[in-house]
Amino acid sequence: MPNIDDDTRRCRLRPGDLDRLDVAVDRRLAACHDAADEVVNGAEDLKDLTPVRVRPARANDAAGGRVSLPAAQRPYVRIFVERDGRYVPLGGAGRLTAREVRQGARLAVEGRDIVRDTRRWGGRVDLTLTVAGAEPRRAALTLRMTPVLLQHDLQRARHVFAAAPGPGAPDSGQPAEVPVHTRPPGQWRQFADSLRAATRAAGLPDRALRFQAGSSRWWRDIWRQDIVEPGYVSKPTPGGTPHTLRVLLRSPNHWKSADGRKESLRRAGRLLFRDLRGPGVGVVQQYTTRRGPGVDELLNFTGNVESLPPYPGHPRGRIVYGATARRHPDPSFTRMLRAQRQQEPVVLDTSWLIAGHADETVHVVRADNARGWTLAVSDPRLALGLLREARRAGAGGQRLFADTVAPDKPTVDEFLRHEAAEGDNADAARHIDGQLKVLLRETGLRTDELVRLPVLYARVESRPGGPRRHIAFSPALANGLSLTARDYAAPVPHGPRVRGRDLFRDAAERALTASGVRVRWVENFSWAHLSLGEVHCATNALREIGPPPAR
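In this report, the structure presented in the accompanying data block is examined. (Residues numbered from 1 in each chain as written. Predicted model: local features only at pLDDT ≥ 70, side-chain atom pairs only at ≥ 80, totals over all residues. Heavy atoms only, no water.)

**Concerning the nonpolar core**
As a rule of thumb, nonpolar side chains are buried together in soluble globular proteins. Counting residues in each nonpolar core, the largest one holds 27 residues, and the members touching the most others are L308, V346, W373, L375, L439 and Y457. Broken down by element, the residue count for this core peaks at six residues, all from helix α9 (residues 424-443). The residues contacting W373, other than those within four sequence positions of it, are L154, L308, P309, P310, Y311, V364, V365, R366, A367, T443 and L445. Listed in part, the 26 residues of the second largest apolar core include A164, L209, I222 and V522. (Core = buried A, V, L, I, M, F, W, Y, C linked by side-chain atoms within 4.5 Å. Buried < 20%, exposed > 50% of the residue type's maximum accessible area, 1.4 Å probe, protein only. Helix = DSSP H or I, 4+ residues; strand = E, 2+ residues; numbered from the N terminus. Contact = heavy atoms within 4.5 Å.)

Here's what the structure looks like:
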């Protein structure tokens, strides 16, 4: 296993670390973990190492021995030997004493990193034992580094975290760590209270939900989904219960100051080291600073990395992320995902969206089908159909988002006239059709198994003078948080009302309930939606590691 957790909590942030605009801080934080020293940090740390037994030599003339590794593998592995009741590093020479060879020895092999690039190292560890003596002998053992697997949304949330507002405002001259076109978040209390109600209704204890206060210098960066993609590694044990370690993949966002003199990784990601790293939890950061013209910082947000549960042909499930040749994440990060060789990625075209995240349009939900799950998907055609239904019912003058702080509250009639002239939703529907074509082909799901949720889209400039791309004009109902396989925290849609009923809310509840999912509504219109995100973007979860519960 990659022994990158911190079992004794010795790795600490220094004063000012959260705010300092310096990539050296990020490198130092990531460099501190259990495999960074030559010490077995207690009994819990020993569990993260792999035991290897050297059998007693049969010949009495054994004069000692040596355990060796190929030179290319040495940076990734450390070998300890038990001597006088303590595990000590075997050292580069790998010498075993004659007594250890004759009586047998206990070794412990420590992984020092995950596999990041198979062109450099594919995770193979080749141990060779050479025994000296009148007749030198040699034995070999091959180990492999455990792969990092991403969790999926059918696994019950054990720890949900979201942002809490910090005081003050961003300093002038700081890098744009959130998109420049977004509004400051507001109405946190409504968001927090409704999220708390949702977790309670799903049966999660209050301690499972935590709100993180960040820094006054980047208080607008509320996107907890976008700073990390949680994963884990697991290895068998003699007792039969797998030993696991969480591996948090930090987003590869790399920022520079306006004058180009300073740089750092996204500073909200340092909260992972402050609040989550510890016993059984490690943090990995993989990024490049020299990037080609196609790398888009928005696609480096980890809301753009999701996963599918296991299904026939893919027993570990699959990764899903958005990318095209012209607009894609940091290649070194996606190369790291592929290097695990367990969850073959499905790549979607998300380039038509401003943020461009895979979580904006699709979400895994349970289903009463052969595989136990399906996809909830954004459906602008359904949303337009509900607007037309409202117009036929005489509610054409009803305003969308009437009970919110939205700056734009068009009537049903006004929105339909705009759509007839601009075709924003017809265009969004064609793009989503393209995504679904890929997903249905790769998963074997049928069109009639999909859970369709009404979402309206609008095209806006991605930046002043930049290309026009789509945003979710109404809250994106597929962009919610699964709390359990049956409990789904969805953003309140604030759709058109007919006879006192929200048509979008009713349609979503019918569709999800038919799939056996209970909807837990969360108010995120001002806190997240107006800043181009939803419940999923503003939250994250560490989930139970193991098979999904029985359906």
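**Quick notes on the packing of aromatic side chains**
Pairs of aromatic rings are described using the distance from one ring centre to the other and the angle between the two planes. Taken as a whole and assessed by the stated rule, the structure comprises eight aromatic pairs. Grouping aromatic residues by their ring pairs yields a cluster made of F401, F415, F473 and F525. For the cation-ring pair, R266 lies above F301, with the distance from its terminal atom to the ring centre recorded as 4.0 Å. (Phe/Tyr/Trp six-rings, centres within 6.5 Å; stacked < 30°, edge-to-face > 60°. Lys NZ or Arg CZ within 6 Å of the ring centre and 35° of its normal.)

**A closer look at the sheet that holds strand β10 (residues 157-164)**
Reading across the sheet, the three strands line up as β11-β10-β30 and stay open at both edges, with mixed pairing between neighbours. Each having just a single partner strand, β11 (209-213) and β30 (539-543) make up the two edges of the open sheet. With strand direction ignored, the average angle separating the axes of adjacent strands in the sheet is 25°. On the sheet, helix α4 (residues 188-201) packs against β10, β11 and β30 and is oriented at approximately 155° with respect to β11. (Pairing = 2+ DSSP bridges. Axes fitted to C-alpha atoms, helices over the stretch in contact; angles between N-to-C directions.)

**Observations regarding the state of the cysteines**
According to the stated counting rule, one finds one disulfide in the structure shown. Disulfide pairing places C11 opposite C32 at an S-S distance of 2.1 Å. Judged by the sign of its S-S torsion, about -85°, the bond between C11 and C32 is left-handed. Taken together, the residues C11 in the segment before α1 (23-31) and C32 in the loop between α1 and α2 (42-47) connect sequence positions 21 residues apart. For the residue pair C11 and C32, the accessibility class agrees, reading buried in each case. (Disulfide = S-S within 2.5 Å.)

**A word on the sheet that holds strand β20 (residues 362-366)**
Read across the open sheet, the three strands follow the order β20-β21-β22; overall the sheet is mixed. Only two strands of the sheet have a single neighbouring strand rather than two, namely β20 and β22 (451-454). Going from strand to strand, the sheet's axes swing by 30° on average, the running direction of each strand aside. Across five bridges, the pairing between β20 and strand β21 (residues 373-379) is antiparallel. Bridge pairing links V365 to T374 in β21. Strands in contact with helix α10 (residues 503-514) are β20 and β22; relative to β22, the strand with the most contacts, it is inclined by about 170°.

**Quick notes on α10**
Structural remark: α-helix, 3.6 residues per turn; residues separated by three or four positions point the same way. Over its twelve residues, α10 runs 17 Å from end to end, which matches the ideal 16 Å to within 8%, given 1.5 Å per residue. All of the buried residues in α10 are L503, F504, D506, A507, A508 and L512. Its side-chain oxygen placed 2.9 Å from the backbone nitrogen of F504, D502 serves as the N-cap of α10. (Expected span 1.5 Å × (residues − 1). Polar contact = N/O pair within 3.5 Å; in protein donor to acceptor, adjacent residues only side chain to side chain.)

**Points about the environment of R381**
Topologically, R381 is positioned in helix α7 (residues 380-392). By relative accessible area, R381 is classed as partly exposed at 45%. Setting aside residues no more than four positions away along its own chain, R381 makes contact with A429, R430 and D433. One polar contact links R381 to D433, side chain to side chain, over a distance of 2.7 Å.

**A look at the packing of α7 against helix α8 (residues 412-422)**
With their axes 10 Å apart at the nearest point, α7 and α8 run at an angle of 130° to one another. With respect to their mutual orientation, α7 and α8 come out oblique. In the crossing of α7 with α8, the sense of the turn from one axis to the other is left-handed. Residues L384, L387, R388, A390 and R391 of α7 pack against V412, D413, F415, L416 and E419 of α8. Split into classes, the residues belonging to the contact of α7 with α8 amount to six nonpolar, no polar and four charged. (Parallel < 35°, antiparallel > 145°, perpendicular 65-115°, else oblique. Left-handed = near helix turned anticlockwise from the far one by under 90°. Nonpolar A, V, L, I, M, F, W, Y, C, P; charged D, E, K, R; others polar.)

**A few points about unusual backbone geometry**
Despite not being glycine, R9 shows a phi value in the positive range, around 55°. Its location among the elements puts R9 in the segment before α1. A positive phi is found at Q187, a non-glycine position, where the angle reads about 55°. Looking at where Q187 falls in the secondary structure, it is placed in the loop between β10 and α4. A residue is classified by how much of its surface remains accessible, and Q187, at 35% relative accessible area, is partly exposed.

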